[in-house]
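# Notes for the structure review
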Amino acid sequence: MRKPGLRLERRGLTLLLGGVLLLPILAVSIISATLPTAHDHPLNVATRLVNPGAADAAVVVHNGEAVELASLRVELNGAYFHLPKGRLAPGTDLELPLDWFAKKTGNTFDPRETPVRAIDISARLPGNRRAVYRETVGHAVKEEAPAEGDRS
């Protein structure tokens with residue numbers, strides 16, 4: 001003998017479980033489609049490489065902002081990072097030797113083996129706004145002169 005009360009049949013239970021699974025997915029999809037996307041502010045800095053390809057190679061970061069930059073993070077080739085301590089005052093330069101940069105695994109950047117292809121810099125501006133600078137570094141490819149008699 002069955003006890004009195006509400007009972008779900010197999011079909012009803014399947015629909016209930018499907019609704020429980022789909023409702024959060026649908027809610028997250030609607031929220032992500034309707035909220036505005038966050039964007040980074042452009043960072044007014046300039047970079048230059050000093051002695052590229054040499055053991056004492058460095059990247060120089062010049063702060064062109066009117067305010068000092070905090071929480072500076074410099075990234076090379078999308079894999080090697082350096083987090084300078086302190087703040088970068090307006091109009092000043094910061095020279096960072098390339099052998100200071102390392103991967104998260106601890107492998108350090110070797111400027112004699114790996115050319116710098118990209119420099120990404122992020123910093124925190126007043127008001128906790130994040131600003132980003134991205135540069136693709138063009139590097140000259142060494143072309144060797146053809147050997148005598150090899151005129152193809």
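Residues numbered from 1 in each chain as written. Predicted model: local features only at pLDDT ≥ 70, side-chain atom pairs only at ≥ 80, totals over all residues. Heavy atoms only, no water.

### Remarks on the sheet that holds strand β6 (residues 93-97)
Filter applied, for reference: Following DSSP output, two strands are said to pair if at least two bridges run between them. Under the DSSP-based scheme used, a helix requires at least four consecutive residues in state H or I and a strand at least two consecutive residues in state E, with every element numbered from the N terminus. Angles run from 0 to 180 degrees between N-to-C directions of axes, and those axes are lines fitted to C-alpha atoms, restricted for helices to the stretch in contact.
Strand order in the open sheet made by the three strands is β2-β3-β6, with antiparallel pairing throughout. The strands lining the two open edges of the sheet, one partner per strand, are β2 (45-50) and β6. Here the average twist between neighbouring strands, direction ignored, is 20°. Judged from the five bridges that link them, strand β3 (residues 58-63) and β6 form a sheet pairing that is antiparallel. Within β6, the residue paired with His62 across the bridge is Asp93.

### Structural notes on the pattern of salt bridges
Between side chains of opposite charge, a pair can form as their charged atoms come close. As a reminder of what qualifies: A side-chain nitrogen of Lys or Arg and a carboxyl oxygen of Asp or Glu constitute a salt bridge if their distance falls within 4 Å. Here's how the labels work: a residue is buried when its accessible area is under 20% of the maximum for its type, exposed when over 50%, partly exposed in between, all with a 1.4 Å probe on protein chains only.
Summed over all chains, the structure comprises three salt bridges. Salt-bridge contacts for Arg87 lead to Glu68; the nearest nitrogen and oxygen are separated by 3.7 Å. With Arg87 in the loop between β5 (80-82) and β6 and Glu68 in the loop between β3 and β4 (70-76), the pair connects residues that are 19 residues apart, well separated along the chain. When its relative accessible area of 53% is taken as the criterion, Arg87 is described as exposed. Classification of Glu68 by relative accessible area gives partly exposed; the value is 36%. Two residues, Arg112 and Asp110, come together in a salt bridge whose shortest N-O distance is 3.3 Å.

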